[in-house]
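Given next are the chains, with one letter for each unit.
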Amino acid sequence: MTYAIIGFGEIGQTLAKTFARKGIAVSVATTRDPESFASTAVAIGPGITPTTLAEAVEADVVFLAVRFQSHPDVAKVLPDWQGKIIVDVTNAYGVSAKDMGGRPSAKIVADAFAGGRVVKGFNHLVAAVLDQDPAVQGGRRVVFLSSDDDDAAAQVGALAEDLGFAPIQLGGLSEGGLLVQAHDKNWGRLIFKDLVRFDR
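Below, the structure is looked at part by part.

## With respect to the nonpolar core
Stage number 1. In this structure, I5, F19, F63 and F122 are the most contacted members of the largest nonpolar core, which totals 32 residues.
Stage number 2. Setting aside chain neighbours within four positions, we find F19 in contact with Y3, I5, I24, A25, V26, I48, F63, L159 and L163.
Stage number 3. Formed by 25 residues, the second largest nonpolar core is a distinct cluster that contains I6, A59, F68 and I86.

## Looking at a nonpolar patch on the surface
Stage number 1. A surface patch of nonpolar side chains, amounting to about 370 Å² of accessible area, comprises Y93, V126, W187 and F192.
Stage number 2. You can see F192 is positioned in the loop between strand 9 (166-169) and strand 10 (196-197).
Stage number 3. By relative accessible area, which is 45% here, F192 ends up partly exposed.

## Observations regarding the pattern of salt bridges
Stage number 1. One pass over the full model with this rule turns up 11 salt bridges.
Stage number 2. Note that R117 and D151 form a salt bridge whose closest N and O atoms lie 2.9 Å from each other. One end of the pair, R117, is in strand 6 (residues 117-121); the other, D151, is in helix 8 (residues 150-162), with 34 residues separating them in the sequence.
Stage number 3. Salt-bridge contacts for D199 lead to R140; the nearest nitrogen and oxygen are separated by 2.8 Å. Taken together, the positions of D199 in the segment after strand 10 and R140 in strand 8 (residues 139-147) put the pair 59 residues apart, joining distant regions of the chain.
Stage number 4. In this structure D199 comes out as exposed when scored by relative accessible area, which is 52%.
Stage number 5. Looking at R140, the relative accessible area reads 17%, which means it is buried.
Stage number 6. Here the salt bridges do not stand alone but share partners, grouping R140, E161, R197 and D199 into one network.

The rules we used
- Residues numbered from 1 in each chain as written.
- Predicted model: local features only at pLDDT ≥ 70, side-chain atom pairs only at ≥ 80, totals over all residues.
- Heavy atoms only, no water.
- Core = buried A, V, L, I, M, F, W, Y, C linked by side-chain atoms within 4.5 Å.
- Buried < 20%, exposed > 50% of the residue type's maximum accessible area, 1.4 Å probe, protein only.
- Contact = heavy atoms within 4.5 Å.
- Patch = residues over 30% accessible without salt bridge, like charges linked within 9 Å, V, L, I, M, F, W, Y side chains within 5 Å.
- Areas by Shrake-Rupley, 256 points an atom, 1.4 Å probe, with all protein chains shown as cover.
- Salt bridge = Lys/Arg side-chain N within 4 Å of Asp/Glu carboxyl O.
- Helix = DSSP H or I, 4+ residues; strand = E, 2+ residues; numbered from the N terminus.

This is the structure in structure tokens:
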């Protein structure tokens, strides 16, 4: 499996650090020339490769770490996302319910990425918390995942495990997924909840 992170702001860089911590290679891209952020990427770790947006979307699993309003621009890079897994890390806080048509933000993202398999995840923690080692006092920090594609959710869950997290599956995007999605000026009930799971 190949991985890419699109968006290299605070959350994108934090995600890159989680990959580097476990020695898992990942490409990082923005709409800018990769040379403009290469030094930052290299400083994170040897497996973090700055690349172009066109090259990043060739990965099997793409983390969408851009502003929610920017997701259509990324979706247009490929005419068909068939078979690819898109991990939706966006938050639509501040986007009016009217503009969303009463739909969950992840459903809107799923429609934009035609043929892709969207998994909502890694979005409920602030960057400063996500940046910490997920191993906490003998337990593992929880990340919530939701998807309408069980296989995609399982694959992202396995990756989360490899990254050191404890994934909890919430079900479909319009079901448990609503717990980790912003609605207008309200946050889902699980957003910002920093939980640790202890395996018995």
